[in-house]
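# Inside the fold
One letter stands for each residue in the lines below.
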Amino acid sequence: MFKEEILEKKVGIIGLGKYLPEKRLTNKDIEKIVDTTDEWITERTGIKERRIAREDETTSDLAVNAAKRAIENAKLKPEDIGLIIVATITPDMFFPSTACIVQSKLNVNHIPAFDISVACSGFIYGIAIAEQFIKSGAYKHILVIAAEKMSSVTDWTDRSTCVLMGDGAGAAVLGEVEEGGILSIYLGADGSKGNLLEMPAGGSRLPASASTVEKRLHFLRMEGNILFKHAVKVMAEAALKATEPLGLKGDDINLVIPHQANIRILNAVAKRMGIDPEEKLYLNIDKYGNMSSASSAVALTEAVEQHRVKKGDTILLDAFGAGLTWGAIVIKW
Ligand code: COA
């Protein structure tokens with residue numbers, strides 16, 4: 001394919017789907033588990049409740065449910081998909097990849113499938129990868145799934161983290177579109193700050209042992225305060241880097257659909273972007289908490305379902321997470 005053809009090709013999201021486990025865990029429920037209050041959680045984070053997957057429900061189950069809805073929404077069949085990308089930090093197991101498990105559950109054997117580990121920015125990175133593969137002509141339709149069972153890595157004795165997380169999945173089918181589509185992508189990472197949010201054991205550095213289990217090293221750990229400041233800084237920066245090359249200002253964006261980590265982070269980002277959070281910030285953190293990569297995928301799906309995103313709108317996806325990683329994407333719907 002010639003370079004001009006690649007540049008001319010417009011790639012967009014042609015189908016979306018989400019899946020949230022049935023069980024709701026409210027702040028009042030968490031009051032019975034750790035020393036906290038509904039008031040503290042609501043005021044400091046904006047979260048009122050989150051969904052928790054059943055014990056026998058795995059990340060691939062959440063992923064498949066969201067994927068089936070996205071494929072149907074795109075008016076396609078699973079066999080029309082050429083590549084599966086799953087963004088997750090809570091895979092069913094280390095290997096095989098959750099994407100391969102999803103491929104088998106969707107009965108679409110022999111198409112390539114792989115996971116990406118980008119934490120909360122995973123949906124954005126996944127879309128970025130898919131866009132390149134479609135532009136190059138390698139695949140026609142790509143399924144990007146962001147799925148997390150965060151409850152499986154949550155330390156239910158640590159009040160500073162267990163109030164934040166939730167389980168869920170969102171999926172998008174990407175393909176060529178006639179108008180609009182993805183206008184710009186900006187990705188970033190800073191590995192030197194990886195220790196601010198990590199799950200210390202279980203990998204080659206600290207393989208699972210009786211001692212790592214006893215020290216509770218298989219749960220996520222976080223320096224919430226420091227992360228907060230980084231999140232505001234890099235989410236605002238990512239928004240600027242993705243919009244500036246297009247000559248777009250805050251006013252030109254119809255809706256910002258951010259990763260839902262903390263309502264105070266999002267209000268601070270909106271302020272830096274010069275947008276009215278009431279009008280232009282899509283929020284669902286109150287219902288689901290932080291679902292890592294799945295947060296922005298579920299938020300986008302809901303925003304479209306609720307007609308907050310209309311044809312011709314310019315929207316901005318913006319995320320930040322462990323790694324540290326971050327990214328933003330501008331899409332004309
Ligand atoms: N209930 C009641 N009190 C709590 C609490 C809880 N669930 N969790 C922490 N506290 C207490 C702390 O122990 C501390 O008490 P102290 O002052 O007596 O030591 C006090 O509340 C303040 O803690 P602090 O950590 O400074 O609160 P905060 O305002 O920074 O809010 C977070 C904590 C985690 C909500 C906030 O830092 C945050 O959201 N950070 C970003 C997290 C994030 O985005 N992570 C994911 C990135 S994708």
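Here we summarise the structure given alongside this text. (Residues numbered from 1 in each chain as written. Predicted model: local features only at pLDDT ≥ 70, side-chain atom pairs only at ≥ 80, totals over all residues. Heavy atoms only, no water.)

Take the sheet that holds strand β6 (residues 142–149) next. One open sheet accounts for five strands, arranged β1-β7-β6-β4-β5; its pairing is mixed. Of all strands in the sheet, those bounded by a partner on one side alone are β1 (11–19) and β5 (113–116). The mean inter-strand angle of the sheet, taken between neighbouring strand axes irrespective of direction, is 20 degrees. Where β1 and strand β7 (residues 167–176) come together, eight bridges link them in antiparallel fashion. For Y19, the partnering residue across the bridge sits in β7 and is A169. Its contacts with the sheet place helix α4 (residues 59–73) against β1, β6 and β7, and it is angled at close to 130 degrees to β1. Here helix α6 (residues 122–135) sits on the sheet and contacts β1, β4 (83–87), β5, β6 and β7; the angle it forms with β6, its principal contact strand, is near 165 degrees. (Pairing = 2+ DSSP bridges. Helix = DSSP H or I, 4+ residues; strand = E, 2+ residues; numbered from the N terminus. Axes fitted to C-alpha atoms, helices over the stretch in contact; angles between N-to-C directions. Contact = heavy atoms within 4.5 Å.)

Glancing now at the site of the ligand. Looking at the ligand, there are 23 residues lining it, with T36, R44, R159, N225 and N262 nearest. Here a nitrogen atom of the ligand sits 3.4 Å away from a polar atom, N or O, in the side chain of W40. Contacts to the ligand include R264, whose side-chain N or O atom sits 3.1 Å from an oxygen atom. Here the ligand, which alone exposes 950 Å², has 73% of that area covered by the protein. (Near = heavy atom within 4 Å. Polar contact = N/O pair within 3.5 Å; in protein donor to acceptor, adjacent residues only side chain to side chain. Areas by Shrake-Rupley, 256 points an atom, 1.4 Å probe, with all protein chains shown as cover.)

Here the focus is the nonpolar core. In globular proteins that are soluble, nonpolar side chains generally tend to be buried together. Within the largest apolar cluster, 44 residues are counted, with the highest numbers of intra-cluster contacts made by V256, I265, M273, L316 and F320. Elements that contribute at least two residues to this core include exactly α9 (224–243), α10 (263–273), β12 (314–321) and β13 (325–332). When near neighbours in sequence (up to four residues on either side) are disregarded, I265 contacts F228, A231, V232 and M235. Formed by 33 residues, the second largest nonpolar core is a distinct cluster that contains I127, A130, I134 and A319. (Core = buried A, V, L, I, M, F, W, Y, C linked by side-chain atoms within 4.5 Å. Buried < 20%, exposed > 50% of the residue type's maximum accessible area, 1.4 Å probe, protein only.)

So, about the pairing of strand β11 (residues 255–258). Alternating residues of β11 divide into L255 and I257 and V256 and P258, and every residue in both groups is buried. Note: β11 against β12, four bridges, orientation parallel. If you follow P258 over to β12, its bridge partner there is D318.

A word on the pattern of salt bridges. Counting across every chain of the model gives 13 salt bridges. With a shortest N-O distance of 3.3 Å, E131 and K135 are connected by a salt bridge. Note that E131 and K135 are positioned in helix α6 at a spacing of four residues, about one turn of the helix. Accessibility expressed as a relative area gives 17% for K135, which makes it buried. With a shortest N-O distance of 3.0 Å, D155 and R216 are connected by a salt bridge. Linking D155 in the loop between β6 and α7 (159–162) with R216 in the loop between α8 (210–214) and β10 (221–222), this pair joins segments that are 61 residues apart in sequence. Through salt bridges with shared partners, one network takes in R54, D56 and E57. (Salt bridge = Lys/Arg side-chain N within 4 Å of Asp/Glu carboxyl O.)

What follows is about the packing of aromatic side chains. Centre-to-centre distance and the angle between the planes together describe a pair of aromatic rings. With the rule as written, the count across this model stands at one aromatic pair. Arranged with centres 5.4 Å apart and planes meeting at 75 degrees, the rings of F133 and Y139 form a pair that is edge-to-face. Under the relative-accessibility criterion, F133 is labelled partly exposed at 30%. Its relative accessible area of 24% is what places Y139 among the partly exposed residues. (Phe/Tyr/Trp six-rings, centres within 6.5 Å; stacked < 30°, edge-to-face > 60°.)

Pairing is mixed across the open sheet formed by four strands, whose spatial order is β8-β13-β12-β11. The strands lining the two open edges of the sheet, one partner per strand, are β8 (181–189) and β11. Across the sheet, the mean angle separating the axes of adjacent strands is 15 degrees when strand polarity is ignored. Bridge count between β8 and β13: eight bridges; the pairing is antiparallel. Residue pairing across strands places S184 opposite V330, the latter belonging to β13. Packed onto the sheet, α6 meets β8, β12 and β13 and runs at close to 125 degrees relative to β8. Helix-sheet contacts for α9 involve β8, β11, β12 and β13, and the interaxial angle to β12 is about 145 degrees.

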